[in-house]
Amino acid sequence: MNKLDKKYMEIIESWIHESKQQQIFLENDDRLDEANLEKIRCNIYEIFQQMFQQSKKTTKTEEDFIQRYLSYHQNIPANWKKSHEQAKEQNSIDMFIEETKIEAATKVEQLFRSLWCKDGLN
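So, here is what we can say about the structure in this document. Just so it is clear, the structure is predicted and the values come from calculations on it, not from any experiment. (Residues numbered from 1 in each chain as written. Predicted model: local features only at pLDDT ≥ 70, side-chain atom pairs only at ≥ 80, totals over all residues. Heavy atoms only, no water.)

1. Here we look at the packing of helix α1 (residues 3-28) against helix α2 (residues 32-58)
- Their axes nearest at 8 Å, the elements α1 and α2 cross at an angle of 160 degrees. Comparing their axes, α2 and α1 come out roughly antiparallel. Of the two elements, α1 crosses α2, and the hand of that crossing is left-handed.
- Of the residues contributing to the contact of α1 with α2, the split by class is 11 nonpolar, 5 polar and 10 charged. (Axes fitted to C-alpha atoms, helices over the stretch in contact; angles between N-to-C directions. Helix = DSSP H or I, 4+ residues; strand = E, 2+ residues; numbered from the N terminus. Parallel < 35°, antiparallel > 145°, perpendicular 65-115°, else oblique. Left-handed = near helix turned anticlockwise from the far one by under 90°. Nonpolar A, V, L, I, M, F, W, Y, C, P; charged D, E, K, R; others polar.)

2. A closer look at the environment of Asn43
- Position of Asn43 relative to the elements: it lies in helix α2.
- On a C-alpha basis, the gap between Asn43 and Lys88 in space is 22 Å, while along the polypeptide they are 45 residues apart.

3. A few points about unusual backbone geometry
- One non-glycine residue with positive phi stands out, namely Asp30, at about 55 degrees.
- Residue position: Asp30 is located in the loop between α1 and α2.
- Positive phi, close to 55 degrees, is recorded for Asn91, a residue that is not glycine.
- Along the chain, Asn91 turns up in the loop between α3 (62-89) and α4 (94-116).

4. Focus: the environment of Glu85
- With respect to the helices and strands, Glu85 occurs in helix α3.
- Residue classification places Glu85 among the partly exposed positions, given a relative accessible area of 41%.
- On a C-alpha basis, the gap between Glu85 and Cys117 in space is 29 Å, while along the polypeptide they are 32 residues apart. (Buried < 20%, exposed > 50% of the residue type's maximum accessible area, 1.4 Å probe, protein only.)

5. Details of α2
- For α2, which comprises 27 residues, the first-to-last C-alpha distance of 39 Å matches the rise-based estimate of 39 Å (1.5 Å per residue) to within 8%.
- Of all the positions in α2, only Ala35, Glu38, Ile40, Arg41, Cys42, Ile44, Tyr45, Phe48, Gln49, Met51, Phe52 and Ser55 are classed as buried.
- The secondary structure elements touched by the buried residues of α2 are α1, α3 and α4. (Expected span 1.5 Å × (residues − 1). Contact = heavy atoms within 4.5 Å.)

Below, the structure written as structure tokens:
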């Protein structure tokens, strides 16, 4: 694992840890809805952490890796965005769940782009 990979993984791991700690705090404070949203956020971090590792294992060049990993950031949240719009139209509580997923995925993508896509080409 190179320095860039290690830095990325350390940041994601810290977000996962913080999210789990926040979930515990919220549960202890009887704020179960908020704790559930935090659990969802943590799951999204873990999903993209796994996709990162998968992308690293299945690509041969740095460029292929970047493209593969960024494709996950386009494909995975696509259904969440559709569900978010539907929930918003129906004024459903599910809107908050989908919003949490999208926000967490966006945060991870922005981190990745800040480390790997400094030239703006990706």
